[in-house]
Amino acid sequence: MEEQLLETWAIHNRINTYLLAAVPAQALSSVSASKGRTVAEQFSHIHNVRLMWLKQAAPDLLEGLEKIEKDQPVDAARLRVCLDHSAGKIAELLAQSIRSGGKVKGFKPHAAAFLGYLISHESHHRGQIALTLKQAGYPLDKKVLFGMWEWGVR
């Protein structure tokens, strides 16, 4: 089961970076009609929340990771590196948690639910990103929109 859960997390992160790759550079600064975070800030938030959980549950895994501050300029390449690195550390946290009884420090009820929580949270932000892009005049190609649901090939 551990292998399947870790593979699920890896697929999920690849979908995040698949979406990121489809965003034109000029659209990273787009904001939705209801204001809030830019597209780049949405991706940064995903990364930063992962770091928040690592700090809570396994601070030793934070080594080599940096929070993306709101005032820092970011581009797709930096976001990709940050997302991939934090995803790898979350995978380590999941593996450690599964092997040591299935608990994630600071989260209830168990590691599988933690995985579900992370995927739900990040998928929510993928939806916000897609809506923001549409409202800003950069709608995602239908191939990308459908591609985010192709878990068997990501």
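Up top is the structure these notes are about.
In what follows, the accompanying structure is described. Throughout this document, residue positions are counted from 1 along each chain, in the order its sequence is written. Side-chain atom pairs in this predicted model are given and counted only at pLDDT of 80 or more, local residue features only at pLDDT of at least 70, and totals for whole chains, interfaces and linings cover all residues. Hydrogens and water are ignored here; the side-chain numbers use all heavy atoms of the structure.

A look at the packing of helix H1 (residues 2–21) against helix H3 (residues 76–99)
Stage number 1. Orientation of H1 relative to H3, taken along the N-to-C sense of each, is 170 degrees, at an axis distance of 10 Å. Between H1 and H3, the interaxial angle falls into the category roughly antiparallel. By crossing handedness, the relation of H1 to H3 is classed as right-handed. From H1, Glu2, Leu5, Leu6, Trp9, Asn13, Thr17 and Leu20 reach across to H3, where they touch Ala76, Leu79, Arg80, Leu83, Asp84, Ala87, Ile90, Ala91, Leu94, Ala95, Ile98 and Arg99.
Stage number 2. Under the scheme applied, nonpolar residues are Ala, Val, Leu, Ile, Met, Phe, Trp, Tyr, Cys and Pro; charged residues are Asp, Glu, Lys and Arg; polar residues are all the others, including Gly. Tallied by class, residues from the contact of H1 with H3 come to 13 nonpolar, two polar and four charged. The axes are straight lines fitted to the C-alpha atoms, using for helices just the contacting stretch, and the angles between their N-to-C directions are given from 0 to 180°. Each helix is a run of DSSP H or I of at least 4 residues and each strand a run of E of at least 2, with the numbering of both proceeding from the N terminus. Any angle that is under 35 degrees is reported as roughly parallel, and any over 145 degrees as roughly antiparallel; angles of 65 to 115 degrees are reported as roughly perpendicular and all others as oblique. In this scheme the crossing of two helices becomes right-handed for a clockwise turn of the near helix relative to the far one and left-handed for an anticlockwise turn of less than a right angle. Note on definitions: a residue-residue contact is assigned when non-hydrogen atoms from the two residues lie within 4.5 Å.

Description of the side chain of His12
Stage number 1. Among the secondary structure elements, His12 is positioned in helix H1.
Stage number 2. Polar contacts involving the side chain of His12 include one to the side chain of Arg126, which spans 3.2 Å.
Stage number 3. Ignoring sequence-local partners within four residues, the contact set of His12 consists of Leu118, Ile119, Glu122, Ser123, Arg126 and Trp151. Here a polar contact means two N or O atoms within 3.5 Å. Within protein one must be a hydrogen donor candidate and the other an acceptor candidate, and residues neighboring in sequence count only if both atoms are side-chain atoms.

Describing the nonpolar core
Stage number 1. Membership of the largest hydrophobic core comes to 23 residues, with the highest contact counts inside it found for Val23, Leu28, Val39, Phe43, Leu79, Leu133 and Leu140.
Stage number 2. Contributing elements (two or more residues each) for this core: H1, helix H2 (39–57), H3 and helix H4 (111–135).
Stage number 3. Among the elements that line this core, the one with the most residues is H1, at five residues.
Stage number 4. The residues touching Leu28, leaving out its near neighbours within four places in the chain, are Leu20, Val23, Thr38, Val39, Ala40, Asp75, Ala76 and Leu79.
Stage number 5. Only buried residues count toward a nonpolar core. Its members are Ala, Val, Leu, Ile, Met, Phe, Trp, Tyr and Cys residues joined through side-chain atoms within 4.5 Å. Three labels apply to residues, based on accessible area from a 1.4 Å probe with only protein chains included: buried if under 20% of the type maximum, exposed if over 50%, partly exposed otherwise in between. One finds Leu51, Trp53, Ala87 and Val104 within the second-largest nonpolar core, a separate group that totals 21 residues.

So, the pattern of salt bridges
Stage number 1. The term salt bridge refers to a side-chain nitrogen of Lys or Arg lying within 4 Å of a carboxyl oxygen of Asp or Glu. In total, this model carries four salt bridges according to the counting rule given.
Stage number 2. Residue Arg99 is joined to Glu2 by a salt bridge in which the shortest nitrogen-to-oxygen separation is 2.6 Å. Linking Arg99 in helix H3 with Glu2 in helix H1, this pair joins segments that are 97 residues apart in sequence.

Brief notes about H3
Stage number 1. Given a helix with a known number of residues, its expected span is that number minus one, times 1.5 Å. Between its first and last C-alpha atoms H3 spans 34 Å; for 24 residues at 1.5 Å apiece the expected length is 34 Å, and the two agree.
Stage number 2. Among the residues making up H3, those that are buried are Leu79, Cys82, Leu83, Ser86, Ala87, Ile90, Leu93, Leu94, Ala95 and Ser97.
Stage number 3. In the core, the buried residues of H3 are packed alongside H1, H2 and H4.
Stage number 4. Gly101 occupies a position one or two residues after H3 and carries a positive phi of about 105 degrees.

Quick look at the packing of aromatic side chains
Stage number 1. In summary, the pairing rule links any two rings of Phe, Tyr or Trp, Trp by its six-membered ring, whose centres are within 6.5 Å, and it sorts them by plane angle into stacked for under 30 degrees, edge-to-face for over 60 and tilted for everything else. Taken as a whole and assessed by the stated rule, the structure comprises five aromatic pairs.
Stage number 2. Each ring, one from Trp53 and one from Phe114, has its centre 5.4 Å from the other, and the planes form 75 degrees; the classification is edge-to-face. Here the residue Trp53 occupies a position in helix H2, and Phe114 occupies one in helix H4, the gap between them amounting to 61 residues.
Stage number 3. Given a relative accessible area of 11%, Trp53 falls into the buried group.
Stage number 4. Three or more aromatic residues joined by ring pairs form one cluster here, namely Trp53, Phe107, Phe114 and Tyr117.
Stage number 5. Charges are assigned to positions over rings by a cutoff of 6 Å between ring centre and Lys NZ or Arg CZ, combined with an angular limit of 35 degrees from the ring normal. Arg154 extends its terminal NZ or CZ atom over the ring of Tyr18, reaching a point 3.9 Å from the ring centre.

Function cannot be inferred from these measures alone, as they are strictly geometric.
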